[in-house]
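# Coordinate inspection notes
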Amino acid sequence: MSGIAGWVDWKRDLSKEQDVLRGMTDAIRHRGPDDEGNWFSQRAAIGHRRLFVIDPAGGKQPMVYRSGDHSIVLSYDGFIYNYRDLRSELENLGHRFGTESDAEVLLHSYLEWGEDFLRRINGVFAFAIWDERRSALMLARDRLGVKPLFFKVHNSGLLFGSELKAILAHPEVKPEVDVEGFSEIFAMGPVRTPGFGVFLGIQEVRPGHYIIFTKEKAHHHQYWKLESKPHEDDVDTTVEKIREILKDTVKRQLIADKPVVSMLSGGLDSSGLASMASRYMAEEGKRLRTYSLDFAGSDQHFKTSLLHASRDEPFVKIVSEYANTDHHTVIIDRDELTENLFLPLKARDLPALGEMEASLHLLFREMKKDATVTLSGESADEVFSGYPWFHRDEFLFSGTFPWSAQIRYFRDILNEETLKKLRPEEHRKRRYQEAVNEVPKLEGESGIEEKQREMSYLFITRFLSFLLERKDRMSMHNSLEARVPFSDYRLVQYLFNVPYSMKTIDKVEKSLLRRAFQGYLPEEVLTRKKSAYPSNTDPSYYQNIRMMLNEMIEDPQAPLIPFLDKQKLNYISGHLFEKAPFEVGKMMEFILHVNQWLQDYKISLKL
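Read on for a plain summary of the structure. On a predicted model such as this, the values are computed, not experimentally measured, just so you know.

With that out of the way, let us pick up the sheet that holds strand β14 (residues 260-263). Taken in spatial order, the five strands make up an open sheet running β16-β15-β14-β17-β18, and their pairing is parallel. Strand pairing shows two members of the sheet lacking a second neighbour, β16 (326-332) and β18 (481-483), which therefore form its edges. Neighbour to neighbour, the strand axes of the sheet diverge by 30° on average, direction disregarded. Across three bridges, the pairing between strand β17 (residues 373-375) and β18 is parallel. Directly across from Val373, in β18, lies its bridge partner Glu481. Here helix α12 (residues 355-368) sits on the sheet in contact with β14, β15 (289-295), β16 and β17, set at roughly 145° to β15.

What follows is about the packing of aromatic side chains. Tallied over the entire structure, the rule returns 31 aromatic pairs. Members of the aromatic cluster, joined through ring pairs, are Tyr387, Trp389, Phe390, Phe395, Phe401, Trp403, Tyr432, Phe459, Phe463, Phe466 and Tyr500. The cationic tip of Arg120 hangs over the ring face of Trp113; the distance from NZ or CZ to the ring centre is 3.9 Å. Between the NZ or CZ atom of Arg431 and the centre of the ring of Phe196, over which it lies, the distance is 5.0 Å.

Below, the discussion takes up the packing of helix α6 (residues 235-253) against helix α18 (residues 489-496). Axis separation between α6 and α18 bottoms out at 10 Å; the angle between their running directions is 165°. With respect to each other, α6 and α18 are oriented roughly antiparallel. For the pair α6 and α18, the sense of crossing is left-handed. Across the interface between the two elements, Thr237, Thr238, Lys241, Ile242, Ile245, Leu246, Asp248 and Thr249 of α6 pack against Arg490, Leu491, Tyr494 and Leu495 of α18. Tallied by class, the residues present in the contact of α6 with α18 amount to six nonpolar, three polar and three charged.

Turning our attention to helix α16 (residues 424-438). Over its 15 residues, α16 extends 22 Å from the first C-alpha to the last, a length consistent with the 21 Å expected when each residue adds 1.5 Å. By the burial criterion, the buried members of α16 are Pro424, His427, Arg428, Arg431, Tyr432, Ala435 and Val436. Here the buried residues of α16 occupy an arc of 165° about the axis, which is enough to place them on one side. Among the exposed residues of α16, those oriented more than 90 degrees off its buried face are Lys429 and Asn437. Among the structural elements, α5 (179-188), α15 (416-422) and α17 (447-476) are those in contact with the buried residues of α16.

This part takes up the packing of helix α2 (residues 83-92) against helix α3 (residues 102-113). The geometry of α2 relative to α3 is characterised by a closest axis approach of 10 Å and an angle of 45° between their N-to-C directions. Relative to α3, the element α2 lies oblique. Crossing of α2 against α3: the hand is left-handed. From α2, Tyr83, Leu86, Arg87, Glu89 and Leu90 reach across to α3, where they touch Asp102, Val105, His108, Ser109, Glu112 and Trp113. Here the contact of α2 with α3 is built from residues that sort into five nonpolar, two polar and four charged.

The biggest cluster of nonpolar side chains holds 97 residues, and the ones touching the most others in it are Phe182, Phe186, Phe199, Ile413, Leu560 and Trp597. Among the elements that make up this core, the one with the highest residue count is helix α24 (residues 581-600) (nine residues). The next biggest cluster of nonpolar side chains, apart from the first, holds 87 residues, and it includes Met1, Tyr81, Phe517 and Tyr520.

This paragraph deals with the pairing of strand β2 (residues 35-40). As paired elements, β2 and strand β3 (residues 44-50) share six bridges and run antiparallel to each other. Note that in β3 the partner of Gly37 across the bridge is His48. Here β2 folds back onto β3, and the loop between the two strands holds three residues.

A few words now on the layout of surface pockets. In this structure, the second largest pocket encloses a volume near 370 Å³. Along the walls of the second largest pocket sit 17 residues, with Leu254, Val260, Met281, Glu284 and Lys286 positioned nearest its centre. Listing elements by their share of the lining of the second largest pocket, those giving two or more residues are β14 and α7 (268-283). In terms of residue count, the dominant contributor to the lining of the second largest pocket is α7 (three residues). Across the lining of the second largest pocket, the residue classes break down as nine nonpolar, no polar and eight charged.

This next bit is on the side chain of His477. Structurally, His477 is set in the loop between α17 and β18. Note on His477: relative accessible area 18%, which makes it buried. Setting aside chain neighbours within four positions, we find His477 in contact with His30, Leu343, Lys346, Ala347 and Asp472.

Rules and cut-offs
Starting from 1, residues in each chain are numbered consecutively following that chain's sequence as written. Totals for whole chains, interfaces and linings use all residues, but because this is a predicted model, local features are given only for residues with pLDDT of at least 70 and pairs of side-chain atoms are given and counted only at 80 or more. Side-chain metrics rest on all non-hydrogen atoms present in the structure, leaving aside hydrogens and water. Note: two strands are recorded as paired if DSSP finds a minimum of 2 bridges between them. Under the DSSP-based scheme used, a helix requires at least four consecutive residues in state H or I and a strand at least two consecutive residues in state E, with every element numbered from the N terminus. Under this scheme, a helix contributes an axis fitted over its contacting stretch, all axes are lines through C-alpha atoms, and angles between N-to-C directions fall in the 0 to 180 degree range. By definition in these notes, contact holds between two residues if any of their heavy atoms fall within 4.5 Å. Within 6.5 Å between ring centres, the rings of Phe, Tyr and Trp (the latter by its six-membered ring) count as paired, and their orientation is classed by plane angle as stacked under 30 degrees, edge-to-face over 60, tilted in between. Lysine NZ or arginine CZ positioned within 6 Å of the ring centre and within 35 degrees of the ring normal marks a charge as sitting over the ring. Orientation is classified from the angle alone, with under 35 degrees giving roughly parallel, over 145 giving roughly antiparallel, 65 to 115 giving roughly perpendicular, and any other angle giving oblique. Each crossing is labelled by how the near helix is turned from the far one, with a counterclockwise turn of less than a right angle marking it left-handed and a clockwise turn marking it right-handed. Side-chain classes are defined by residue name, with Ala, Val, Leu, Ile, Met, Phe, Trp, Tyr, Cys and Pro counting as nonpolar, Asp, Glu, Lys and Arg as charged, and the others, Gly among them, as polar. For a helix, the expected span equals 1.5 Å multiplied by the residue count minus one. Exposed residues in this analysis have more than 50% of their type's maximum accessible area, buried residues have under 20%, and partly exposed residues fall in between, with area computed by a 1.4 Å probe over protein chains only. To obtain the arc, one takes the directions from the helix axis to the C-beta atoms. In this description, a nonpolar core means a group of buried Ala, Val, Leu, Ile, Met, Phe, Trp, Tyr and Cys residues linked to one another through side-chain atoms lying within 4.5 Å. Put simply, the grid is 1 Å and covers the protein atoms alone, a cavity is a trapped set of points that fit a 1.4 Å probe, a pocket is an open set with protein on both sides within 12 Å along at least five of seven lines, and lining residues have an atom within 4 Å of a point. Grid points are joined across faces, edges and corners, and a volume is the space filled by probe spheres set on the points.

If you want it as structure tokens, here you go:
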């Protein structure tokens, strides 16, 4: 994995812009601390930061291919799972390779098949290709949006980068946010609208899309999208196909020239992946190292909830012994969480979810000491319809995003003037309708089945994007590559058309996945009720958060204060917090993040 950044301009000479490009790539050094590279011409400045994973000695980027008097230049972040298959095919077509890297395979695939090569590759990626033959820049992103890629049209050209901070590092870019961007923060929380960069003028390449930029215009293309069609396989066939895809993608995602480890929560998803990976590594005489997260005092403070049925650690131990992994539990206390509260903001360049993301950063920080790559169980609940929201009428027919209830306090703390300007409820309704309008309909489907398909689409294209963004930023901020086997597009597309009634054939969520993992997990884990990513429930931590919020409220220099209703905020802090400290505490974390974001990024609000 890597960090990419660049600047293209069809009128301005960029051949001497080394300092500017270095500033952009330095901003994302954490994504690739092992090597750096830059390429310049009159019209393009292409930069790269590299994390050694595949072929450390070769594969230097930007990678350049000469065609007559012109260069084709690649800067790429990601991993192509089927690069060895593609390489063999390309060699049979006459291509010759000088490295063992997947980057060179990607570049030669473009040379052989043009833009259509995207449909041939299976992997996670974000890349830029500057083609001097056409004086055109191609930006592309993988099907599910695992790897990020932002861009900004700038004067007679454009800027691009893996993270917002790379573009914001350009001296001519001002950190401005208009009504639409500020409304997105309060209407959507951390679940950002696909393609929307929040900062004025900054966009993100949408998952499954690529864009060709020329002097005349930008040509947007969607090369992949979810398709609706009848599911014709019986249960046994469906389970077998799921198992075979998972086995194939786990095996491919273990390929690396650096140490690979796995996350292990004791839940169904990560446990099954870890067990599969452990067997493959045992065949090579290796033992898989696994990691879990726990909070100091969790045995005292843990409380069951809609998404947390039981503590993880007892199940972690069971799985580790069953799968014979070398396991390590990372224990985090309230002081570490408080100290690192704003680190996710720095990693994301946008307000984040406080301890839920800070704890992930701290976990990855420990994992990085032993490895460069980890497997992670993200996406399973989204593609297997594992959340309670998939079967409850109050969510299916709510007319809004099901997770909106989790951010219900956000708008309540804005004053009337700000509410009139931002209109967050209207913003959310519009974003929801945009999403629903995209859902591919299945002829003859109606009622609850139609709503469940709609819910599946919302989670795969919206909520999953948030989870993948969180995982990418927290891992790459620690120079650790997180691979997500459940995001293999073959699995996602296949399961999108499996009816919910089959996904819960055994009257329990993710029945098909439980069957697919039979033989890989002990019975008590196969039948464990869903428990989401662990969240700190230590009341003293949230007392710290309330204290920090109260200090912010009384600070006349706090940049968010002019937009808040202090009376409402004091009521929430003084009264509602006592009734629901966990839920209200999450809102407080987010408000603190928004205030810190405005302050640290010196944001100019254009309202």
